[in-house]
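Structural features, examined
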Amino acid sequence: MKSSLILGYGSTGQCVEQYLISKHKKYLIYDDKKNIDEKFKFNLNNINNIETIFVSPGIKKDHKILKMASSNGIKIMTDIELFSEINNVKIIGVTGTNGKTTFVTLLDRILNKYDIKTKLAGNIGKSPLNLMSDLSDLDYLILELSSFQLTHLSKLDLEISIVLNIYQDHIDWHETFEEYIFSKLKIFNFTT
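Description of the structure in this document. Computed from a predicted structure; not experimentally measured. (Residues numbered from 1 in each chain as written. Predicted model: local features only at pLDDT ≥ 70, side-chain atom pairs only at ≥ 80, totals over all residues. Heavy atoms only, no water.)

Section: the side chain of H63
Our working definition: Secondary structure counts use DSSP, requiring at least four H or I residues in a row for a helix and at least two E residues in a row for a strand, with both numbered from the N terminus. Exposure is judged per residue with a 1.4 Å probe applied to protein chains only, and the accessible area is read against the type maximum: over 50% gives exposed, under 20% gives buried, and values in between give partly exposed. Throughout, a residue-residue contact means that at least one pair of heavy atoms, one from each residue, lies within 4.5 Å.
Structurally, H63 can be placed in the loop between β3 (50-55) and α2 (64-71). Residue classification places H63 among the buried positions, given a relative accessible area of 10%. The residues touching H63, leaving out its near neighbours within four places in the chain, are L7, Y30 and D32.

Some thoughts on the packing of aromatic side chains
Our working definition: Stacked, edge-to-face and tilted labels apply to pairs of Phe, Tyr and Trp rings (six-membered ring for Trp) whose centres lie within 6.5 Å, assigned for plane angles under 30 degrees, over 60, and everything in between, in that order.
Enumeration over the complete set of coordinates arrives at four aromatic pairs. The interplanar angle of 45 degrees and the centroid separation of 4.4 Å between the aromatic rings of F148 and W173 together place this pair among those described as tilted. Of this pair, F148 sits in helix α5 (residues 147-152) while W173 sits in helix α6 (residues 171-174); the two residues are 25 residues apart in sequence, bridging distant segments of the chain. Each of the two residues, F148 as well as W173, counts as buried.

Let's talk about the sheet that holds β3
Put simply, the rule is: We call two strands paired when DSSP finds no fewer than two bridges between them. Inter-axis angles, ranging from 0 to 180 degrees, are taken between N-to-C directions of lines fitted to C-alpha atoms, where helices are fitted over the stretch in contact.
Read across the sheet, four strands follow the order β2-β1-β3-β4 without closing on themselves; strand pairing throughout is parallel. The open sheet terminates on both sides in strands that have one partner only, identified here as β2 (27-30) and β4 (75-77). Strand-to-strand twist of the sheet, defined as the mean angle between neighbouring strand axes without regard to direction, takes the value 25 degrees. As judged from the four bridges shared by strand β1 (residues 3-7) and β2, these two strands associate in the parallel manner. By the bridge assignment, L7 is partnered in β2 with Y30. Strands β1, β2 and β3 of the sheet are contacted by helix α1 (residues 11-22), whose axis makes an angle of about 160 degrees with β1. Helix-sheet contacts for α2 involve β1, β2, β3 and β4, and the interaxial angle to β3 is about 140 degrees.

Focus: the pairing of strand β5 (residues 90-95)
Where burial is concerned, most of β5 is hidden: five out of the six residues are buried. Relative to strand β7 (residues 140-144), β5 runs parallel, the two being bridged by five bridges. Bridge pairing links I92 to I142 in β7. With four bridges joining them, β5 and strand β8 (residues 160-163) adopt parallel strand pairing. Across the sheet, the residue bridging to V94 is I162, located in β8.

Purely spatial values, then, with no claim about function.
If you want it as structure tokens, here you go:
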């Protein structure tokens, strides 16, 4: 039986780990900067034993493991895509260079004030996987989406998409301003 690989073991990677544990799935972990328990440590030579890679937002798209995965036909997804596959609540996606957290926080407060039940997740610091038990009580989930998250996404169903603004930022990660703009505008590809 093949394993999943958690690529990046920050808060997103740890949320994916908790989800995989809850589903009794086998997994390994790779992080460029953190020491991983030997029991879960991924060895590059075992790439063919990986079924799915769950990539964290900060991992660059040209990371060596993502390149290996692409050339070996291994599925690459994010915590948000995993959530989207098992989700049944409408999602509002919000991106922009500045003001995302303030905007989603205010939108959440306004909608809840008028009895439209919402919760926040995404780049605001909470994986939507943490909200699985709350979904039946929600009208909408509001996802704050960074350019990093949008770059890695290939599937997501958004009811509404919002781009607040786009200013030159994260060029060290995206390489060009055009790539950064493309990552932000990609949100509209997911809007139903």
